[in-house]
Amino acid sequence: MMVSAYYTDASGFEVLVAVGFIKNIQDDRKIQIILNQPILSYQDIFEKLLNNNKSIIDKTIIKPGISKEILENFNVTTLFNQP
C-alpha cells in the first residue's frame, strides 16, 4: 500500500515530506514503511526521519495513499523501488 508522510510544522500545518509504501504491519499496530520519494523542499526532515530522530518521528503522521499531484509529478514505478 502506498503511503504519504506528513510532518507537523511549527505553525501546526501538516506538510508532505515523503511518499513510500508499507513494508510490514506488526501485531502491536506499529508499521514499518519504506520512504523512497522525498519532497525536495523538506529533504532535511526526510533525512532526520531516516536517522530515526524521535522528535521528528513524534511530529510525523503516516497516511494511506498518495495524492493525485504526486502521481502526476513522479514516475510511479520509481516509488516501488526500495532504497
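Since we're looking at a predicted model, the values are computed, not measured. (Residues numbered from 1 in each chain as written. Predicted model: local features only at pLDDT ≥ 70, side-chain atom pairs only at ≥ 80, totals over all residues. Heavy atoms only, no water.)

Colleague: An account of the sheet that holds strand β3 (residues 31-38) is needed here, citing residue identities and associated values.
Modeller: The strand order across the open sheet formed by four strands is β3-β2-β1-β4, and the pairing between neighbours is antiparallel. At either end of the open sheet lies a strand with only one pairing partner, and these are β3 and β4 (60-64). When strand polarity is set aside, the average angle formed by the axes of neighbouring strands in this sheet is 40°. One ladder, built from seven bridges, connects strand β2 (residues 14-25) with β3; its direction is antiparallel. Within β3, the residue paired with A18 across the bridge is P38. (Pairing = 2+ DSSP bridges. Helix = DSSP H or I, 4+ residues; strand = E, 2+ residues; numbered from the N terminus. Axes fitted to C-alpha atoms, helices over the stretch in contact; angles between N-to-C directions.)

Colleague: Go over helix α1 (residues 43-50), please, and point to the residues and values.
Modeller: The complete set of buried residues in α1 reads I45, F46 and L49. The buried side chains of α1 occupy one side of the element, clustering within an arc of 100° when seen end-on. As for α1, its buried residues are in contact with β1 (2-8), β2, β3, α2 (54-58) and β4. Note on α1: the residue one or two positions beyond its end, N52, has a positive phi of about 60°. (Buried < 20%, exposed > 50% of the residue type's maximum accessible area, 1.4 Å probe, protein only. Arc of directions from axis to C-beta. Contact = heavy atoms within 4.5 Å.)

Colleague: Could you give an account of the layout of surface pockets, with specific residues and numbers?
Modeller: One number sums up the size of the largest pocket: a volume of about 430 Å³. Lining the largest pocket are 13 residues, with I31, I33, N52, I57 and I62 positioned closest to its centre. Among the elements of the structure, β3, α1 and β4 are those that each provide at least two residues to the lining of the largest pocket. Here the lining of the largest pocket is composed, by residue class, of nine nonpolar, two polar and two charged. (1 Å grid on protein atoms, 1.4 Å probe; cavity = no way out; pocket = protein on both sides within 12 Å on 5 of 7 lines; lining within 4 Å. Points joined across faces, edges and corners; volume = space filled by probe spheres on them. Nonpolar A, V, L, I, M, F, W, Y, C, P; charged D, E, K, R; others polar.)

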